[in-house]
Amino acid sequence: MIILATDNQIQKVADQLCIAKSVAVLTGAGVSAESGIPTFRDSLTGLWSNFNAEELATPMAFRKNPELVWQWYYSRRIKNSSCKPNFGHLALAKMESKIDDFSLITQNVDGLHQAAGSKNIIELHGSLQNFICFDNHHHIENHIVDSSPEKPPYCSICGSLARPGVVWFGEVLPELAIRSSMEALEKANIFLVVGTSGQVQPAASFGLIAQKNGATVVVINPDESARIENAIFLQGPAGEILPKLVSLTWPT
Ligand code: OAD
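Conventions we followed
Residues numbered from 1 in each chain as written. Predicted model: local features only at pLDDT ≥ 70, side-chain atom pairs only at ≥ 80, totals over all residues. Heavy atoms only, no water. 1 Å grid on protein atoms, 1.4 Å probe; cavity = no way out; pocket = protein on both sides within 12 Å on 5 of 7 lines; lining within 4 Å. Points joined across faces, edges and corners; volume = space filled by probe spheres on them. Helix = DSSP H or I, 4+ residues; strand = E, 2+ residues; numbered from the N terminus. Nonpolar A, V, L, I, M, F, W, Y, C, P; charged D, E, K, R; others polar. Expected span 1.5 Å × (residues − 1). Buried < 20%, exposed > 50% of the residue type's maximum accessible area, 1.4 Å probe, protein only. Arc of directions from axis to C-beta. Pairing = 2+ DSSP bridges. Axes fitted to C-alpha atoms, helices over the stretch in contact; angles between N-to-C directions. Contact = heavy atoms within 4.5 Å. Phe/Tyr/Trp six-rings, centres within 6.5 Å; stacked < 30°, edge-to-face > 60°. Lys NZ or Arg CZ within 6 Å of the ring centre and 35° of its normal.

Caption draft 1: Fine view of the layout of surface pockets. Its boundaries defined by the atoms lining it, the second largest pocket holds a volume of some 190 Å³. Every element with two or more residues in the lining of the second largest pocket is listed here: strand S4 (126-133) and strand S6 (162-166). Residue classes in the lining of the second largest pocket are distributed as six nonpolar, five polar and two charged.

What follows is the structure in structure tokens.
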């Protein structure tokens, strides 16, 4: 049975949120779970419980077996394209419309925050909407990607193989995304950490950085193991807690 944060606990965060000048949010796979997209580390349905990350999500894996890696990301992209934003994504888009200075840092590559109407999005791990070439990161157009479900097409500029524009293990995160995240964490009065297990750096340290910068940190997650020391914990699914938080903060 999932324990849910009480209205009282959520109201305390709402009281702070309505006077916050700057708000930053970090999301992980859990925010998309209610849209039907599997998380990575759920023990039964998690992608990394059913697939080997080393064979699929590293540059070495792509060099060794580009077709296998391509097919896996291609099928995730197809599945994602039939998924819709849930109440959690929508609540974050509404929150952004109420706050002047709002940044949404996401580790997700599914594009559902954009689909929900969020604007100031920092994609830390890239995007499954964007394909690039392996050698030179030239952009590969969607119609070329779509027409090649079995094997990666070639880049029309340099001839190297196409790959998904996501960050793989062992790769450096986009510099601009890191810089923008640090700026958001510096300003934020409140930092919400939603639907992430906190197992992957550097995002796993963002809560601590925000706390050091003086922000109130709030963790929203059904699982206790996602708690961060000295942070407020609102237990429950993002699709229930976030809409409640938004409606208690801005009742009309
Ligand atoms: P994980 O799969 O590690 O964690 C998902 C988190 O979401 C867990 O803490 C769950 O308890 C929580 N969760 C599940 N359902 C939820 C719900 N309805 N509402 C809120 N939370 C819920 O996913 P991430 O933390 O996003 O990186 O993983 C981080 C990175 O590891 C990913 O971006 C990916 C992965 O390897 C790369 O591929 C580079």
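Caption draft 2: Region of the structure containing helix H10 (residues 175-187). With 13 residues, H10 should reach 18 Å at 1.5 Å per residue; the first-to-last C-alpha distance of 19 Å fits that figure. Turning to H10, its buried residues number three or more, namely Ala177, Ser181, Ala184 and Leu185. Looking straight down H10, one finds its buried side chains confined to an arc of 95°; they lie on one side. Exposed positions of H10 whose direction lies more than 90 degrees from the buried face are Glu175, Leu176 and Glu186.

Caption draft 3: How the structure looks around the sheet that holds strand S2 (residues 101-106). Spatial strand order, S3-S2-S1-S7-S8-S9: six strands in an open sheet with parallel pairing. Each edge of the sheet is formed by a strand with only one pairing partner; in this case those strands are strand S3 (121-123) and strand S9 (232-235). When strand polarity is set aside, the average angle formed by the axes of neighbouring strands in this sheet is 20°. Note: strand S8 (residues 216-221) against S9, four bridges, orientation parallel. Pairing of Val218 across the sheet is with Ile232, part of S9. Sheet contacts for helix H1 (residues 7-17): strand S1 (22-27), strand S7 (190-194), S8 and S9; angle to S9, the most-contacted strand, approximately 125°.

Caption draft 4: Layout of the pairing of S6. In terms of burial, S6 is largely enclosed, as five of its five residues are buried. Pairing geometry for S4 and S6, over five bridges, is antiparallel. Residue pairing across strands places Ser127 opposite Gly165, the latter belonging to S6.

Caption draft 5: How the structure looks around the packing of aromatic side chains. Using the criterion set out here, one finds 10 aromatic pairs in the structure. Ring centres of Trp72 and Tyr73 lie 5.0 Å apart, and the angle between their planes is 85°; this geometry places the pair in the edge-to-face category. With respect to class, Trp72 is no different from Tyr73; both count as buried. Linked through ring pairs, Phe40, Trp48, Phe51, Phe62, Trp72, Tyr73, Phe134, Trp168 and Phe169 together constitute an aromatic cluster. A cation sits over an aromatic face here: Arg163 above Trp168, 3.8 Å from the ring centre.

Any functional reading would require information beyond the geometric quantities listed.
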